[in-house]
Amino acid sequence: MPDASAPVPLDRSAFAADAPTVARALIGAVLLVDGVGGIIVETEAYDREDPASHSFAGPNARNAAMFGPVGHAYVYRSYGLHWCLNLVCDAARPGSAVLVRALAPTAGIETMRTRRGLDELRRLCAGPGRLAQALGVTGAMDGLALDEPPFRLLPRAEAMPPVLAGPRIGITHGTDTPWRFGLAGSPFLSRPIR
């Protein structure tokens, strides 16, 4: 018999809004990949009108998932080194996604430590490449539905936490757009939000 008190996972409708709204709303939610993950503490939003977005020049083989249905993963390789996990959103404007930048690890911590080759809890998922490595995210997950295995997204357990907003990092265009969101006071952010 199912546990009636267990949280109901987020479904694809949770991703129908615009990218900044979804990015802010995901702070405090739980992201698991094959049971490994934690609480989302940092995100960044991107849409097709944004010169920093992979979708800015239109659809291509690399960014096809961004133009697909909402509530799916867009996984890409950054600088040929690290996988990055994005959550496709905005039913009204295809080409929008939220980059998951950091988690507070809560599940499968020993698995994360093995995958990352380090013990320091704070650094396991502090940054999109580290997060993807810790969770075992690969390009094979590009285009997969976020409400089906290996993914599991659960709503935040409490009311909306205090969220900071600031400029995105690690990009060269659109650097002043305040679409980076982070849980206020979290030690697990990739970098402080200014």
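To start, this report covers the structure provided alongside it.

Another point: helix H3 (residues 128-135). Taking burial as the measure, the eight residues of H3 include six buried ones, the bulk of the element. Restricting attention to buried positions, one finds in H3 the residues Pro128, Gly129, Leu131, Ala132, Ala134 and Leu135. Residues of H3 that are buried make contact with strand S1 (30-33), strand S2 (36-46), strand S4 (82-89), strand S5 (96-107) and helix H2 (109-116). One or two positions beyond H3, positive phi appears at Gly136, with a value near 75°.

Neither face of S1 is exposed, since Val30 and Leu32 on one face and Leu31 and Val33 on the opposite face are all buried. Across four bridges, S1 lies against S2 in antiparallel orientation. In the strand pairing of S2, Val33 is matched with Val36. Connecting S1 to the antiparallel partner S2 that follows it, the hairpin turn spans two residues, and Asp34 within it adopts a positive phi of roughly 50°. For S1 and strand S6 (residues 151-154), the ladder comprises four bridges, and the chain directions are antiparallel. Each residue of the ladder has a partner; that of Leu31, found in S6, is Leu153.

As for its placement among the helices and strands, Ser186 is situated in the segment after strand S8 (180-183). Classification of Ser186 as buried rests on a relative accessible area of 14%. Once the C-alpha coordinates of Ser186 and Glu42 are considered, the two residues, 144 residues apart in sequence, prove to be 9.2 Å apart. Looking at Ser186, its side chain comes within polar contact range of the main-chain nitrogen of Phe188, at 3.1 Å.

Let us look at the pattern of salt bridges. Within the structure shown, the criterion is met by eight salt bridges. Salt-bridge contacts for Asp147 lead to Arg12; the nearest nitrogen and oxygen are separated by 2.9 Å. Placement of the pair is Asp147 in the loop between H3 and S6 and Arg12 in the segment before helix H1 (19-25), with a sequence separation of 135 residues. Across the salt bridge formed by Arg12 and Glu148, the nearest N and O atoms sit 2.9 Å from each other. Taken together, the residues span a long stretch of sequence, with Arg12 in the segment before H1 and Glu148 in the loop between H3 and S6 at a distance of 136 residues. Exposure remark for Arg12: the relative accessible area of 30% places this residue in the partly exposed category. One network of salt bridges, in which partners are shared, links Glu42, Glu44, Arg101 and Arg180.

Relative to the helices and strands, Thr138 is located in the loop between H3 and S6. Not counting the four nearest positions on each side in its chain, Thr138 is found in contact with Val75 and Trp83.

A separate point is the side chain of Arg101. Looking at where Arg101 falls in the secondary structure, it is placed in strand S5. Judged by its relative accessible area of 8%, Arg101 falls in the buried class. Of the polar contacts made by the side chain of Arg101, one reaches the side chain of Ser190; its length is 3.0 Å. When neighbours within four sequence positions are excluded, Arg101 is seen to be in contact with Glu42, Thr43, Glu44, Cys125, Ala126, Gly127, Pro128, Leu131, Ile169, Arg180 and Ser190.

Moving on: the nonpolar core. Generally speaking, a soluble globular protein has its nonpolar side chains buried in company with each other. Residues Phe15, Leu31, Ile40 and Leu135 are the most contacted members of the largest nonpolar core, which totals 44 residues. In contact with Phe15, other than residues within four places in its own chain, are Val22, Leu26, Val70, Gly71, Leu87, Val88, Cys89, Asp90, Ala91, Leu146 and Leu153.

Cut-offs applied
Residues numbered from 1 in each chain as written. Predicted model: local features only at pLDDT ≥ 70, side-chain atom pairs only at ≥ 80, totals over all residues. Heavy atoms only, no water. Buried < 20%, exposed > 50% of the residue type's maximum accessible area, 1.4 Å probe, protein only. Helix = DSSP H or I, 4+ residues; strand = E, 2+ residues; numbered from the N terminus. Contact = heavy atoms within 4.5 Å. Pairing = 2+ DSSP bridges. Polar contact = N/O pair within 3.5 Å; in protein donor to acceptor, adjacent residues only side chain to side chain. Salt bridge = Lys/Arg side-chain N within 4 Å of Asp/Glu carboxyl O. Core = buried A, V, L, I, M, F, W, Y, C linked by side-chain atoms within 4.5 Å.

Geometry only, nothing functional implied.
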